[in-house]
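# Overview (structure and organization)
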Amino acid sequence: MSIERIKLASVLFAPIVSEKSSNAADQNNQFVFKVKKSATKLQIKNAVELMFGVEVAAVRVLNVKGKIKRFGRTLGKRSDWKKAYVKLQPGHNIELATA
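The rules we used
- Throughout, a residue's number is its position along its own chain's written sequence, starting from 1.
- Two thresholds apply to this predicted model, a pLDDT of at least 70 for residue-level local features and 80 or more for giving and counting side-chain atom pairs, whereas whole-chain, interface and lining totals are computed over all residues.
- As a convention, hydrogens and water are excluded, and side-chain values are obtained from all of the structure's heavy atoms.
- Any two strands are treated as partners once DSSP identifies two or more bridges connecting them.
- Helix and strand definitions here come from DSSP, where helices need a minimum of 4 consecutive H or I residues and strands a minimum of 2 consecutive E residues; each element is numbered from the N-terminal end.
- In this analysis, axes come from line fits to C-alpha atoms, helices being fitted only over the stretch in contact, and the angle between any two N-to-C directions falls in the range 0 to 180 degrees.
- Note on contacts: a residue pair is in contact if any heavy atoms of the two residues lie within 4.5 Å.
- Only protein chains enter the accessibility calculation, which uses a 1.4 Å probe; a residue whose area is less than 20% of its type maximum is buried, one above 50% is exposed, and one in between is partly exposed.
- Asp and Glu are treated as the negative residues and Lys and Arg as the positive ones, with His and the ends of the chain left uncounted.
- For this analysis, a salt bridge means a side-chain nitrogen from Lys or Arg found within 4 Å of a carboxyl oxygen belonging to Asp or Glu.
- Only buried Ala, Val, Leu, Ile, Met, Phe, Trp, Tyr and Cys residues count toward a nonpolar core, and they belong to the same one when joined by side-chain atoms within 4.5 Å.
- By convention, a stacked pair of Phe, Tyr or Trp rings (six-membered ring in the case of Trp) has centres within 6.5 Å and planes under 30 degrees apart, an edge-to-face pair has planes over 60 apart, and any other such pair is tilted.
- In this analysis the charged atom, NZ for Lys or CZ for Arg, is taken to sit over a ring once it is within 6 Å of the ring centre and within 35 degrees of the ring normal.

### Describing the sheet that holds strand 3 (residues 56-64)
One open sheet accounts for 4 strands, arranged 1-2-6-3; its pairing is antiparallel. Two strands bound the open sheet, and with one partner strand each, they are strand 1 (12-15) and strand 3. Across this sheet, the average inter-strand angle for adjacent strands is 30°, counted without regard to direction. Of the strand pairs in this sheet, strand 3 and strand 6 (residues 81-88) are connected by 8 bridges, and their pairing is antiparallel. Paired with Arg60 across the bridge in strand 6 is Tyr85. Set on the sheet, helix 2 (residues 19-28) makes contact with strand 2 (30-35) and strand 6; between it and strand 2 the angle comes to about 140°. Contacts from helix 3 (residues 41-52) reach strand 1, strand 2, strand 3 and strand 6, with the element oriented near 120° to strand 3.

Below, the structure written as structure tokens:
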């Protein structure tokens, strides 16, 4: 496995499975992933194509700000992270239950 493929494999952290992402998958053939904060759209597209063997039509990214939370008397902050909405070409699908 080349170094470039190893770098692409580390771009995706996990799929996000929620009611909103399930509706996006059913209606628009879109899948949602938690990705590395420094990842670009092209890297995300290549990583999804490499890992799942599908063709990607479009990628939209979203920076999610971490919430400020209280821990007793002190304030803490969750980490910021990045979310990617990946739209697949017609005829392609990702089965997250078996992947």
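### Comments concerning the side chain of Lys83
With respect to the helices and strands, the residue Lys83 is situated in strand 6. Among buried Asp, Glu, Lys and Arg side chains, Lys83 stands out as unpaired, with Asp80 the closest opposite charge at 13 Å. Setting aside chain neighbours within four positions, we find Lys83 in contact with Ile16, Val32, Phe33, Arg60, Val61, Leu62 and Val64.

### Details of the nonpolar core
Judged by nonpolar contacts, the single largest core of 17 residues is most densely connected at Leu12, Phe33, Ile44, Val48, Val86, Leu88 and Ile94. In this structure Ile94 touches Phe31, Phe33, Val48, Phe52, Val54 and Leu88, once residues within four positions along its chain are discounted.

### Let's talk about the pattern of salt bridges
Enumeration according to the criterion identifies 1 salt bridge in this entry. With its nearest N and O atoms 2.9 Å apart, the salt bridge here joins Asp80 to Lys77. Accessibility expressed as a relative area gives 29% for Asp80, which makes it partly exposed. Taking relative accessible area as the criterion, Lys77 reaches 52% and is therefore assigned exposed.

### As for the packing of aromatic side chains
All chains considered together, the criterion is met by 1 aromatic pair. Where Phe33 meets Phe52, the ring centres are 5.8 Å apart and the plane angle is 35°; that geometry is what we call tilted. Taken as a pair, Phe33 in strand 2 and Phe52 in helix 3 lie far apart in primary sequence, 19 residues in all. For Lys34, the ring lying beneath its charged end belongs to Trp81, and the centroid distance is 5.2 Å.

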